[in-house]
Amino acid sequence: MGCLKKKPLSFLLIFVSIHAHGTLLQEADPARQRKPFFERLRRLEEQFQRFQQVTLTHLQDIANNYNVYSNVDARFQSLAEESQAITLAVNQSQAAIREDVAHLKTWFRKSQRRSQKVDVQLQALNLSLSTKNRQWVEEEKEKKAQREATASLALSISSLRDVLTGLTQQVHSQDARLSALEGQLQRTSPGTEALGLTTAPNPTQLSQQGPGSLQLWRNSQTSRSSLHDRSSPQDFTGHVQKTQKFQAPGRHQSALPRTHQGPGNSCSSGPVLIFPNASTENAIFLSPGFLTPLRALSFCSWVRMASRHLGTLLSYATKDNDNKLVLHGRDSLVPGSIHFVIGDPVFRELSLRPLLDGQWHHICIIWTSTEGKYWLHIDRRIVATGSGFREGYEIPPGGSLVLGQEQDTVGGGFDSSEAFVGSISGLAIWDRALVPREVANLATGKELPAGAILTLTNTTSVGGFVQRARCTCLEQCP
């Protein structure tokens, strides 16, 4: 740019020099000197001087402007560099802000999910407390009714004893009359007695002996053999008292306790998966998951617990909902309680307290969308049932199925307080509701019902410290 400005300036100086040289040549010619010419030359010189001054002024202005333009270019260049630095800093700030916003969104979602879980737990605790309160009221009513029934039974027993005492006295009196009657008969008919026979008195003679003799004679005619076979009235009284003790126990007599019949020896149930601790890495993934929508479900497995809370047996999560199907318990719940969740936040709280004894137990949890019915089997017995639970609902396919951990996100988001600690064997899932006979066959090791959609053979990944063992019978497993 500076070179372009210098070239017109050089041409202008050359033009001025040539014009001045021509003028001087004209002045040097004496033949052409005239007065008007000199006047004209003087005017030209004045004009040249003025032009020269204007030219110098313009040249100075051009030089000044050139310096200004050079400074402006340098300033523009520095401003451009500063603008690039500012733009880079702004981009870095925007990236950091976006990262912080993403962290805040993630934290907010986690907080929201935890808040939902806390709300669900509070609702579960409230429901449990209300259920316990109702049970306590019903138990108090039952105890009161039992106390009233016991008092009424005691009064009935007392009155029955009084009646039996009176009856015993009447038997004694009738026996005395019968003995006296037999003596009179022996005295009146000695010949007959010698033959071993007795002559029965007529009804008129018996009516004269007393009001009870006639009835006693009639009874003796119909059941004389029974009267001879009976040894004494005390035997009859003892028999009645024994019958009384059998039919009506006393107030302090309690019924025999019901003994729990365990599953017995369980053999040929397949591999055993052992979860030794509550690590968030202990998880088993099953694949494929549910390939079709489920309108019915049966989950059965042999389970042995190693902690005071049940933990998560099964978790099925999709992109829409991380709690589409969950069987989980945590250390904040009532010991032995588990939440049966189908489509969060709807759930039912089930009690699995028999599993806390550290022994092997067989459980089956069955649900059908028809009327929302569900059943809980423990060791072949139905211990809980209900209806109206997710009636008409479908469990969607395409999710992630995990054993031993509860998913907060698809395939992750595990929490050690919800981890399963214990052993699992013979796990299987059906897309239909098993009948009690099939559950009993499973619990006794007879056969596996047809149509199982998932078993432990579908295991694709075993994480953490989960161990796999094979035992001939479950009772022999470590």
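Overview of the structure.

Cut-offs and rules
- Residues numbered from 1 in each chain as written.
- Predicted model: local features only at pLDDT ≥ 70, side-chain atom pairs only at ≥ 80, totals over all residues.
- Heavy atoms only, no water.
- Phe/Tyr/Trp six-rings, centres within 6.5 Å; stacked < 30°, edge-to-face > 60°.
- Helix = DSSP H or I, 4+ residues; strand = E, 2+ residues; numbered from the N terminus.
- Buried < 20%, exposed > 50% of the residue type's maximum accessible area, 1.4 Å probe, protein only.
- Polar contact = N/O pair within 3.5 Å; in protein donor to acceptor, adjacent residues only side chain to side chain.
- Disulfide = S-S within 2.5 Å.

This next bit is on the packing of aromatic side chains. One pass over the full model with this rule turns up five aromatic pairs. A centroid spacing of 4.5 Å and a plane angle of 45° characterise the contact between Phe290 and Tyr316, whose relative ring orientation is tilted. With Phe290 in the loop between β2 (284-286) and β3 (296-305) and Tyr316 in strand β4 (residues 312-317), this pair connects stretches of sequence that are 26 residues apart. Owing to a relative accessible area of 0%, Tyr316 belongs among the buried residues under this scheme.

Moving on, we come to the environment of His361. In this fold, His361 is placed in strand β8 (residues 361-368). Between the C-alpha atoms of His361 and Arg304, which are 57 residues apart in sequence, the distance is 6.4 Å. Reaching out from His361, the side chain makes a polar contact with the side chain of Asp357 at a distance of 2.9 Å.

Overall, the coordinates contain two disulfides when judged by the stated rule. A sulfur-sulfur distance of 1.9 Å marks the disulfide that ties Cys300 to Cys364. Looking down the S-S bond of the Cys300 and Cys364 bridge, the torsion is 120°, so its handedness is right-handed. Here the residue Cys300 occupies a position in strand β3, and Cys364 occupies one in strand β8, the gap between them amounting to 64 residues. As far as burial versus exposure is concerned, Cys300 and Cys364 are alike and both buried.

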